[in-house]
Amino acid sequence: MIDDAIRVLAGDCTVIAEGDDRQEYRGRVTTIVKPDNTVLVHDIDGYQPVAWLTRADSVSSDRRDGFTLVAKKDTQTLRLAAHDQDGFAHYPSSAAGTPVGTCPDCGGALVRSSGVHCVGCGDRYGVPADATIRDDQCDCDCGLPKMRVERGLAFNVCLDRNCESLDAAVREAFDREWSCPEPNCDGDLRILRRGGLIAGCEHYPDCDTGFAVPAGVVDGECGCGLPTFETASGIRCLDATCERALEGTVTAESAADD
Ligand SMILES: [Zn+2]
Ligand SMILES: [Zn+2]
Ligand SMILES: [Zn+2]
Ligand SMILES: [Zn+2]
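Reference entry: report on the structure contained in this document. (Residues numbered from 1 in each chain as written. Chains lettered and ligands numbered in written order. Predicted model: local features only at pLDDT ≥ 70, side-chain atom pairs only at ≥ 80, totals over all residues. Heavy atoms only, no water.)

### Let's talk about the coordination of the zinc ion (ligand 2)
Tetrahedral metal sites with four donors have an ideal angle of 109.5 degrees; octahedral sites with six donors have ideal angles of 90 or 180 degrees.
Link 1 in the chain: In the first shell of the zinc ion (ligand 2), the protein supplies Cys140 (SG), Cys142 (SG), Cys158 (SG) and Cys163 (SG), at 2.2 to 2.3 Å from the metal.
Link 2 in the chain: Classification of the site at the zinc ion (ligand 2) as tetrahedral follows from its 4 donor atoms and the range of 101 to 120 degrees in their angles at the metal.
Link 3 in the chain: For the zinc ion (ligand 2), all donor residues lie on one chain, and their spacing in sequence is C-x1-C-x15-C-x4-C.
Link 4 in the chain: The class for cysteine 163 is partly exposed, based on a relative accessible area of 40%. (Donors = N, O, S within 2.8 Å, 3.2 Å for Na, K, Ca; no water. Tetrahedral: all angles 85-135°; square planar, octahedral: opposite > 155°, others 65-115°. Buried < 20%, exposed > 50% of the residue type's maximum accessible area, 1.4 Å probe, protein only.)

### Overview of helix H1 (residues 166-174)
Link 1 in the chain: Restricting attention to buried positions, one finds in H1 the residues Leu166, Asp167, Ala169, Val170 and Phe174. Relative to the axis of H1, the buried residues are bounded by an arc of 165 degrees and lie together on one face.
Link 2 in the chain: Its side-chain oxygen at 3.2 Å from the backbone nitrogen of aspartate 167, serine 165 defines the N-terminal cap of H1.
Link 3 in the chain: Directly after H1, the chain includes arginine 176, whose backbone phi takes a positive value near 60 degrees. (Helix = DSSP H or I, 4+ residues; strand = E, 2+ residues; numbered from the N terminus. Arc of directions from axis to C-beta. Polar contact = N/O pair within 3.5 Å; in protein donor to acceptor, adjacent residues only side chain to side chain.)

### Things to note about the coordination of the zinc ion (ligand 4)
Link 1 in the chain: Coordination sphere of the zinc ion (ligand 4), protein contribution only: Cys222 (SG), Cys224 (SG), Cys237 (SG) and Cys242 (SG), at 2.3 Å.
Link 2 in the chain: Around the zinc ion (ligand 4) sit 4 donor atoms; with metal-centred angles ranging over 105 to 118 degrees, the donor geometry is tetrahedral.
Link 3 in the chain: Here the donor residues of the zinc ion (ligand 4) share one chain and are spaced in sequence as C-x1-C-x12-C-x4-C. Pair noted here: cysteine 224 is in the loop between strand S18 (216-221) and strand S19 (227-231) and cysteine 237 is in strand S20 (residues 234-237), with a separation of 13 residues, a long-range link.

### With respect to the pattern of salt bridges
Link 1 in the chain: Tallying each qualifying case throughout the model produces 14 salt bridges.
Link 2 in the chain: For glutamate 18, the salt bridge identified is with arginine 22, shortest N-O distance 3.7 Å.
Link 3 in the chain: Using a relative accessible area of 30% as the deciding quantity, one classes glutamate 18 as partly exposed.
Link 4 in the chain: The closest approach of N and O atoms between arginine 193 and aspartate 167, which form a salt bridge, is 2.6 Å. Within this pair, whereas arginine 193 is found in strand S15 (residues 189-194), its partner aspartate 167 is found in helix H1, the two being separated by 26 residues in sequence. (Salt bridge = Lys/Arg side-chain N within 4 Å of Asp/Glu carboxyl O.)

### Section: the environment of glutamate 221
Link 1 in the chain: By the secondary structure assignment, glutamate 221 is in strand S18.
Link 2 in the chain: In this structure, the C-alpha to C-alpha distance between glutamate 221 and arginine 244, residues 23 residues apart in sequence, is 10.0 Å.

### Points about the sheet that holds strand S2 (residues 22-33)
Link 1 in the chain: One open sheet accounts for 7 strands, arranged S4-S3-S2-S1-S7-S6-S5; its pairing is antiparallel. Each end of this open sheet is capped by a strand with a single partner; those strands are strand S4 (51-53) and strand S5 (58-62). With direction set aside, neighbouring strand axes in the sheet form an average angle of 30 degrees.
Link 2 in the chain: Pairing between strand S1 (residues 5-18) and strand S7 (residues 76-92): 14 bridges, direction antiparallel. Bridge pairing in S7 links isoleucine 16 to arginine 79. (Pairing = 2+ DSSP bridges. Axes fitted to C-alpha atoms, helices over the stretch in contact; angles between N-to-C directions.)

### Observations regarding unusual backbone geometry
Link 1 in the chain: With an omega of 5 degrees, the peptide bond between tyrosine 204 and proline 205 qualifies as cis.
Link 2 in the chain: Looking at the element boundaries, proline 205 is found in the loop between strand S16 (196-201) and strand S17 (210-212).
Link 3 in the chain: Although it is not a glycine, asparagine 37 sits at a positive phi angle of roughly 75 degrees.
Link 4 in the chain: Despite not being glycine, arginine 55 has its phi angle at roughly 45 degrees, a positive value.
Link 5 in the chain: Relative to the elements of secondary structure, arginine 55 occurs in the loop between S4 and S5.

### Considering the pairing of strand S9 (residues 109-112)
Link 1 in the chain: Where strand S8 (residues 98-102) lies against S9, 4 bridges are found, and the strand directions are antiparallel. Counted as the bridge partner of threonine 98 is arginine 112 from S9.
Link 2 in the chain: In this structure, the hairpin formed by S8 and S9 is closed by a connection of 6 residues, where glycine 107 is found at a positive phi of approximately 80 degrees.
Link 3 in the chain: Looking at chain direction, S9 and strand S10 (residues 116-118) are connected through 3 bridges and run antiparallel. Bridge assignment links leucine 110 to a residue of S10, and that residue is cysteine 118.
Link 4 in the chain: Here S9 folds back onto S10 in antiparallel fashion, the turn holding 3 residues.

Coordinates in, geometry out; function isn't part of it.
Set out below in structure tokens:
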């Protein structure tokens, strides 16, 4: 289940914000306390809070006598005391993101923020930052949407790595596909996960050659012998430091013209 909650306090309050100077407000306001301890005190005017403290180190509240709330961060303090309380509540909450499909487990909305999560049951799926998820793509047999990720080829795999593994698909396509470019090394490049996916020499640790697999599609061969990738920012060699990528592209293009 979703364990993050937004707390809401409403009423006629005195609000005192102390830092370099001291501000005191009185009004019928609504205060929102987010799970990261950000405190926002809203009055009726405009979109901006009348007082706030972002990511406070501590937030304590006391409801014995009306309610009071104290948020502290470094030298700043935000105090709130209710003279007349209109409401106090906790609401379950999640990150909001672009809708990308429907949860096969609970029927809730799947949304993408940093990863993908279900607004209904809270299930989470990590996705690469460059992955695209569209609800018009075919769903996996498990019912989850598929994501499209470019790692040498465009792969369409299930959002759930335990259902269908991107790593396995990339390995299947490119493991031992390229040779280690070191002059005195006869190794093949293996597809491995080291944080991200890398193509690394099989003779590690004797040879420490390794390259992050770029987010793009292989479109030719570089002058250095490694593949070139067409990426969002242009053509590049598997080796990000290689300057011969364009050389390779020119060769590939003239070959296509023949
Ligand atoms: Zn769900
Ligand atoms: Zn699946
Ligand atoms: Zn090597
Ligand atoms: Zn190169």
